[in-house]
Amino acid sequence: MDLKELAANALAQNKKAALLVGAAGAALLGFGLGYKYLRKPEKAVRVGVVSQLLIHPLKSGKAVPVSAAECQKMGLKAGELEDRHWLVVTEEGSMVTARQEPRLVLVSLSCEGGYARLNGPDMEELKFPVKQPDNPVPNCRVFSKDIQGRDCGDKASQWLTSFLGGEKAFRLVHYEPHMKPRRPAESEPLFPQYEQVAYPDYGPVMLLSEASVKDLNSKLDQEVTTERFRPSIVIGDCEPFDEDSWEELQIGSVRLRRILSCGRCVMTTVDPDTGVMSRKEPLETLKSYRLCKPSERHLYKTAPLFGQLHTVKKTGVLHVGDEVYRITR
């Protein structure tokens, strides 16, 4: 083959390669444009307004109402307060909630200036450092799933043990950022595998409407407050149980995705003002009209549904007064 033929073959090969690259590029561009124009645009419809933001620093403890909060992947945060990042456990590390110790709902935990404070009726305030790096990190269990927590010391243990009656010893643990979190999907497969939480039952955010609580109260002899159901976000200016159908929400810069309804248990019968468990209302009334469809019994069994569990698709800051938009496509 002479020099002219070699040159001609090389030119032909380059042209072929160029055509292939050009075709591939055109295909990718076409796919991108097609996806852009074929994908249905989002539609935002106003459905309500944020009326309360509640952080529960201690699992089963008192709620702390705030006017603004960061909505993080693992729940609400305001200043040094993070939702359900503190947990009461037995000496063996098993979680303790108001289901076992109803008076826990009377315990308030606050954080400021690097110190935590425990308060309760007829108890002196206990102040201790949030960070205690020399304290042990025992393995704990939340619904039989392992998770760690930094032990908060003997004084906190003595305070809780005394407040809860003194018959059993209790410890207080704190979840720290470097610790291994729990994955809700291990207990509830509807949650994405990548979702992580500290000490909540399942999801990082629980949402409930004022109208749903008002509707329930219309059926009760003695009214209950929203705080009894321990929501993170309370929505006003909507109809009862509208929140059941909000699959995706935009609140300011925050995007929430509904995962499933919140099945209710005997803990709803604990009065948050007295710490007394009745074991009857409002649970019995909820069971009379808020049971799931037969096709969902494998998820909820006989638990009545009240409130919705959400994950955080996009983080941001929430404010009381923010308008809430339902996102549809």
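Heads up: these notes are all about the structure in this document. (Residues numbered from 1 in each chain as written. Predicted model: local features only at pLDDT ≥ 70, side-chain atom pairs only at ≥ 80, totals over all residues. Heavy atoms only, no water.)

## So, the overall build of the protein
Here's step 1: Of the regular secondary structure elements, the protein holds five helices and 21 strands.
Here's step 2: Within the protein, contacts between residues separated by at least 24 positions form 69% of all contacts whose residues are at least 6 apart in sequence.
Here's step 3: Surface exposure of the protein reaches about 17200 Å², of which carbon and sulfur atoms provide 53%. (Helix = DSSP H or I, 4+ residues; strand = E, 2+ residues; numbered from the N terminus. Contact = heavy atoms within 4.5 Å. Areas by Shrake-Rupley, 256 points an atom, 1.4 Å probe, with all protein chains shown as cover.)

## Comments concerning the nonpolar core
Here's step 1: Formed by 50 residues in total, the largest nonpolar core has its most connected members in W86, L118, F128, L172, I233 and L256.
Here's step 2: In contact with F128, not counting residues within four places along its chain, are W86, Y115, A116, L118, C152, A156 and L172.
Here's step 3: Ranked by size, the runner-up nonpolar core spans 11 residues in total, among them V142, I147, V173 and A198. (Core = buried A, V, L, I, M, F, W, Y, C linked by side-chain atoms within 4.5 Å. Buried < 20%, exposed > 50% of the residue type's maximum accessible area, 1.4 Å probe, protein only.)

## Regarding the pattern of salt bridges
Here's step 1: Tallying each qualifying case throughout the model produces 17 salt bridges.
Here's step 2: A salt bridge links D237 to R46, with the nearest nitrogen and oxygen atoms 3.0 Å apart. In this pair, D237 is assigned in the loop between strand 16 (233–236) and strand 17 (248–251) and R46 in strand 1 (residues 43–55), connecting sequence segments 191 residues apart.
Here's step 3: Of the residues examined, R46 reaches a relative accessible area of 37% and is grouped as partly exposed.
Here's step 4: The closest approach of N and O atoms between K219 and D215, which form a salt bridge, is 3.2 Å.
Here's step 5: Residue class for K219 comes out partly exposed when judged on its relative accessible area of 40%.
Here's step 6: Via salt bridges that share partners, E42, E248, R255, K313 and R329 belong to a single interconnected network. (Salt bridge = Lys/Arg side-chain N within 4 Å of Asp/Glu carboxyl O.)

## Section: the sheet that holds strand 20 (residues 316–319)
Here's step 1: Across the sheet, which stays open at both edges, the four strands sit in the order 5-4-3-20 with antiparallel pairing between neighbours. The two strands at the open ends of the sheet, each matched to only one other strand, are strand 5 (81–82) and strand 20.
Here's step 2: Across two bridges, strand 4 (residues 75–78) lies against strand 5 in antiparallel orientation. Bridge assignment links A78 to a residue of strand 5, and that residue is L81. (Pairing = 2+ DSSP bridges.)

## Here we look at helix 3 (residues 210–217)
Here's step 1: Taken across its eight residues, helix 3 has six buried, putting it largely inside the fold.
Here's step 2: Along helix 3, the positions that sit buried rather than exposed are A211, S212, V213, D215, L216 and N217.
Here's step 3: In this structure, the buried side of helix 3 is in contact with strand 15 (205–209), helix 4 (283–289) and strand 19 (305–314).

## Focus: the layout of surface pockets
Here's step 1: One number sums up the size of the largest pocket: a volume of about 820 Å³.
Here's step 2: In terms of lining residues, the largest pocket is bounded by 36 residues, among which R99, D201, Y202, C262 and G263 are the most central.
Here's step 3: The set of elements that each furnish at least two residues to the lining of the largest pocket consists of strand 15, strand 18 (254–263), helix 4 and helix 5 (297–300).
Here's step 4: Here the lining of the largest pocket gets four residues from one element, more than from any other, and that element is strand 18.
Here's step 5: Here the second largest pocket is characterised by a volume of approximately 380 Å³.
Here's step 6: What lines the second largest pocket is a set of 20 residues, and nearest its centre among them are E82, V130, H174, Y175 and P177.
Here's step 7: Split by residue class, the lining of the second largest pocket holds seven nonpolar, seven polar and six charged. (1 Å grid on protein atoms, 1.4 Å probe; cavity = no way out; pocket = protein on both sides within 12 Å on 5 of 7 lines; lining within 4 Å. Points joined across faces, edges and corners; volume = space filled by probe spheres on them. Nonpolar A, V, L, I, M, F, W, Y, C, P; charged D, E, K, R; others polar.)

## Examining the sheet that holds strand 13 (residues 150–151)
Here's step 1: Sheet architecture is open: four strands sit in the order 7-6-14-13, paired in antiparallel fashion. In this open sheet, the two edge strands, each paired with only one partner strand, are strand 7 (95–96) and strand 13.
Here's step 2: Relative to strand 7, strand 6 (residues 86–90) runs antiparallel, the two being bridged by two bridges. Paired with V88 across the bridge in strand 7 is V96.
Here's step 3: Packed on one face of the sheet, helix 2 (residues 154–163) meets strand 6 and strand 14 (170–174) and runs near 125° to strand 14. (Axes fitted to C-alpha atoms, helices over the stretch in contact; angles between N-to-C directions.)

## What about the pairing of strand 9 (residues 115–119)?
Here's step 1: By the bridge criterion, five bridges tie strand 8 (residues 108–112) to strand 9 in an arrangement that is antiparallel. Considered in strand 9, the bridge of S110 is made with R117.
Here's step 2: The hairpin turn running from strand 8 into strand 9, its antiparallel successor, is two residues long, and G113 in that turn takes a positive phi close to 65°.
Here's step 3: As paired elements, strand 9 and strand 10 (residues 126–129) share four bridges and run antiparallel to each other. Each residue of the ladder has a partner; that of A116, found in strand 10, is F128.
Here's step 4: The turn joining strand 9 and strand 10, which pair antiparallel and follow one another in sequence, is formed by six residues; a positive phi near 60° is taken by D122.

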